[in-house]
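Tertiary structure, described
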Amino acid sequence: MVDRVVLMQRDARYDHATEETRFAVEVRLRDGGAVRTELILEPGQLYAVALQVERAMAARERARSEVSR
């Protein structure tokens, strides 16, 4: 069973022909194993993830500023 999927420290690759963006990821399994593969996003999915990441970063900054008060 999958425990988590971790983004690897590599640049995303964009394929103009398919309009897909590919991210290197590692799928970590509960038994301690791991599989390296790609997360492939179509344009609409990429924009949705970008918005979600932007919101998460803003929430993180708000939380950090509240703690430092």
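This text gives an overview of the structure that appears in the document. These numbers come from a predicted model, not from an experiment. (Residues numbered from 1 in each chain as written. Predicted model: local features only at pLDDT ≥ 70, side-chain atom pairs only at ≥ 80, totals over all residues. Heavy atoms only, no water.)

With respect to the overall build of the protein
Cut-off, in case you're wondering: Every helix listed is a DSSP run of H or I at least four residues long, and every strand listed is a run of E at least two residues long, numbered separately from the N terminus. Only C-alpha atoms enter the radius of gyration; for comparison, a globular chain is expected to reach 2.2 Å times N to the power 0.38, where N is the number of residues. Relative accessibility thresholds used throughout: buried, under 20% of the residue-type maximum; exposed, over 50%; partly exposed, between the two (1.4 Å probe, protein chains only). Here, two residues are considered to be in contact whenever any of their heavy atoms come within 4.5 Å of each other.
Along the backbone of the protein there are one helix and four strands. Helices and strands appear in the protein in the N-to-C order β-β-β-β-α. Relative to the 2.2 N^0.38 estimate, which gives 11 Å for 69 residues, the radius of gyration of the protein is 16 Å and therefore markedly larger than a compact globule would have. C-alpha atoms of the protein, sized along the principal axes, occupy 45 × 35 × 20 Å. Buried positions account for 12% of the 69 residues belonging to the protein. Considering only contacts within the protein whose residues lie at least 6 apart along the sequence, 22% involve residues at least 24 apart.

Some details on the side chain of Thr21
Position of Thr21 relative to the elements: it lies in strand S3 (residues 20-29). Those residues in contact with Thr21 that sit more than four places away from it in its chain are Ala12, Arg13, Tyr14, Leu39, Ile40, Leu41 and Leu46.

A short note on the environment of Met1
Looking at where Met1 falls in the secondary structure, it is placed in the segment before strand S1 (2-7). Sequence separation between Met1 and Asp31 is 30 residues; the distance between their C-alpha atoms is 7.7 Å. Ignoring any residue separated from it by four or fewer positions in sequence, one finds Met1 in contact with Leu29 and Arg30.

Comments concerning a nonpolar patch on the surface
Quick reminder of the rule: A patch is a set of surface residues, each over 30% in relative accessible area and not in a salt bridge, joined within 9 Å for like charges and within 5 Å for the nonpolar side chains Val, Leu, Ile, Met, Phe, Trp and Tyr. Values of accessible area rely on a 1.4 Å probe in the Shrake-Rupley scheme; residue burial ignores everything except the protein chains shown. Here a salt bridge means any side-chain nitrogen of Lys or Arg lying within 4 Å of a carboxyl oxygen belonging to Asp or Glu.
Together, Val49, Val53 and Met57 make up a nonpolar patch on the protein surface, roughly 250 Å² of accessible area in all. When you line up the elements, Val53 lands in helix H1 (residues 43-67). Exposure remark for Val53: the relative accessible area of 41% places this residue in the partly exposed category.

As for unusual backbone geometry
Residues apart from glycine generally show negative phi values, whereas peptide bonds are mostly found in trans. Of note in this structure, Glu19 is not a glycine but carries a positive phi near 60 degrees. Relative to the assigned elements, Glu19 resides in the loop between strand S2 (13-15) and S3. The exposure class of Glu19 is partly exposed, given its relative accessible area of 42%.

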